[in-house]
Amino acid sequence: MTDQTGRQYNTVFGSLDHYNKGGVEVISDNPKYYAFSNMFEVASAARPYEKVAVAKNLEYVLEVIRAEGTSEWRATPHDEFALVMDGSVEIELFDPEEPLVDPDASGSIGLDGQPDGNPMGRVQAGQGHMTLLPAGKAYRFHSDGVAVVLLQTIEGPDTVYRWADICQTV
Amino acid sequence: MTMTETTPNASGYKEFSVGGFTFSRDEYFVTITWPTGSHQMDIGQWLRCVQRDVAWGFFYGIINFDEVIGTMNHYGNVDMFAGRFNEAYRRAEVDYNENFDHDELLGCFTAMLSDWTNEGYDPFAAPMETGSAYGPSRGDNDEAVTRQRVVAQRMVSVPGDEPIRSDDSGFPINRGFADVSQDEPVISAEPGYEDQVSSFNFFAYLSLSYVNCNTSVVSACKESLYCPTTEEFILPVIHGNDRVEWFVQLSDEIQWDVEDRDTGAKRARVIMKAGDVAAMPADIRHQGYAPKRSMLLVWENGSPRIPEMIANGEAPVHPVAF
């Protein structure tokens, strides 16, 4: 499609195979104050299903997850949101028979296998698709290849902080 | 304190006043006066700023319309200032600040937007997508200037929450995103769980955005708010932070000028490309430049604790320490 000027635009999204990182050009400042990173670079160096924080605001975090193979089952006490930034991810949702996590807790916890209860369904999500991981339920991810998920959540027991490795320092 | 408005001037526009400020427009400019000075701005730039300030309810922190004029939100009441964050004005002691009830200043700005926005001009649109702000008064564009900001309570597309957009519901694909995939996730819900399995194409949703440089809330993890926006040309306002704010560049590129919040001294330029993540510290002001319409995820913490933390000096200035 073209606009009234006849111009065709090319929208650039990043991916594990194709990302072009920007940066902080310092005039009179400390680049660490900007905690500048690139999620595809972070995912490139991460282990499958590590939850690496790339942003933090008080107790809230954004985690980058390298989705590769099948994850463990996790239970979340509050809503979380999984945005697929690259690749394709299948997300299974499960309604546990008994509460698996304190509703006042923060962040999801890993489970020892599939809990008792009922399957809720599944979502096949590609680049740009955002999926609700509902409070009080369990979920797991699967990717046949390698995918990148950005997770909106709260700091939890498995959140990994690696600021000095992922952020621009000079 | 009461807002007043006059009968139309020679160009057909009313003059407004609230507290010590008066606002008048002619064919090209707005003129603002206050007890210790005056200032002029391009009327198109002025309307773009006022439009955001109104739509965002004065947003978080400071909205600088330029290097002189702006507003500072105290969440219930709001300051309007002239030269408060400009060293020269402060040194000369011609800076001015006045506090207003939130609704009073909002009412003045809303009336001004209605009277000063001409038919065919949309302050929310990118420059190549709208008509001219200039010239004598001709009609209005109230339909455009009274748009409501989308605020999802849980997530767009969840039953009972904000719906997804489509061409059929009046949201055509923006010309800058014509190549963005419109495919939707494949949802397979078990019987009885149809309303609890939710997913949508976030990038397609943004490609159907009909406004420029205007955040909306698409998901909320308690007080953690995803506030994406599409950005093209220059962010009309210079946003002064009162808290740490995060940017995730979802597509294309934005270059940010970062200045000291209080003096305007240049501190850094932040070049953000697709996949980049960066924080804006709580003591800066920033303005972005996007040569092509891009998707930006602004991530905010809307906790009601934060204004008190700011007042007590307890809110972190920098996002993380390492």
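Analysis parameters
Residues numbered from 1 in each chain as written. Chains lettered and ligands numbered in written order. Predicted model: local features only at pLDDT ≥ 70, side-chain atom pairs only at ≥ 80, totals over all residues. Heavy atoms only, no water. Helix = DSSP H or I, 4+ residues; strand = E, 2+ residues; numbered from the N terminus. Buried < 20%, exposed > 50% of the residue type's maximum accessible area, 1.4 Å probe, protein only. Lys, Arg positive; Asp, Glu negative; His and termini not counted. Salt bridge = Lys/Arg side-chain N within 4 Å of Asp/Glu carboxyl O. Domains from an automatic or database assignment. Contact = heavy atoms within 4.5 Å. Pairing = 2+ DSSP bridges. Buried area = accessible area lost by both parts, 1.4 Å probe. Polar contact = N/O pair within 3.5 Å; in protein donor to acceptor, adjacent residues only side chain to side chain. Core = buried A, V, L, I, M, F, W, Y, C linked by side-chain atoms within 4.5 Å.

K.L.:
Give a detailed account of the side chain of B:Asp53, specifying residues and quantitative values.
P.N.:
With respect to the helices and strands, B:Asp53 occurs in helix H1 (residues 43–55). The side chain of B:Asp53 sits in the buried core without any salt bridge; B:Arg52 is the nearest counter-charge, 10 Å away.

K.L.:
A description of the domain arrangement of chain B should follow, citing residues and the corresponding values.
P.N.:
All names here are of chain B. In terms of domain boundaries, chain B breaks down into domain 1 (4–145) and domain 2 (167–210 + 212–311). Using C-alpha coordinates to define each centre, domain 1 is positioned 24 Å away from domain 2. Taken together, the contacts link 25 residues of domain 1 with 25 residues of domain 2. Our count for the domain 1 to domain 2 interface comes out at two salt bridges.

K.L.:
Outline the sheet that holds strand E1 (residues 4–5) of chain B, supporting the account with residue identities and numerical values.
P.N.:
Residues and elements named next belong to chain B. Pairing in this open sheet of five strands is antiparallel, and the strands run E1-E2-E3-E4-E5 from one edge to the other. Strand pairing shows two members of the sheet lacking a second neighbour, E1 and strand E5 (37–42), which therefore form its edges. When strand E2 (residues 16–18) meets strand E3 (residues 21–25), the two strands line up antiparallel, connected through three bridges. In the strand pairing of E3, Val18 is matched with Phe21.

K.L.:
So what about the interface of chain A and chain B? Which residues, and what values?
P.N.:
At the interface, 71 residues of chain A touch 71 residues of chain B. Counting the surface lost from both chain A and chain B, the interface buries some 6300 Å², and carbon and sulfur atoms represent 61% of this. When the area that chain A buries against chain B is broken down by residue, the three leading residues are A:Tyr34, A:Tyr60 and A:Met130, summing to 12%. Linking A:Glu59 and B:Arg305 is a salt bridge whose minimum nitrogen-to-oxygen distance equals 3.1 Å. Here chain A and chain B share 34 residue pairs in polar contact (both at pLDDT 80 or more) between them. The element best represented in the side of chain A that touches chain B is strand E9 (residues 117–125) of chain A, accounting for eight residues.

K.L.:
Tell me what's going on with the nonpolar core, and back it up with residues and numbers.
P.N.:
Soluble globular proteins tend to bury their nonpolar side chains together. If you look at the biggest cluster of nonpolar residues, it comprises 64 residues, and the most contacted ones within it are B:Phe23, B:Trp46, B:Phe109, B:Trp116 and B:Val270. Residue assignment places this core across two domains, with domain 1 (4–145) and domain 2 (167–210 + 212–311) of chain B each supplying three or more. Ignoring any residue separated from it by four or fewer positions in sequence, one finds B:Phe23 in contact with B:Glu15, B:Phe16, B:Val18, B:Thr31, B:Ile32, B:Trp46, B:Met80, B:Cys108, B:Phe109, B:Met112 and B:Trp116. Counting residues in hydrophobic clusters, the runner-up holds 52 residues, among them A:Val52, B:Val180, B:Val218 and B:Val244.

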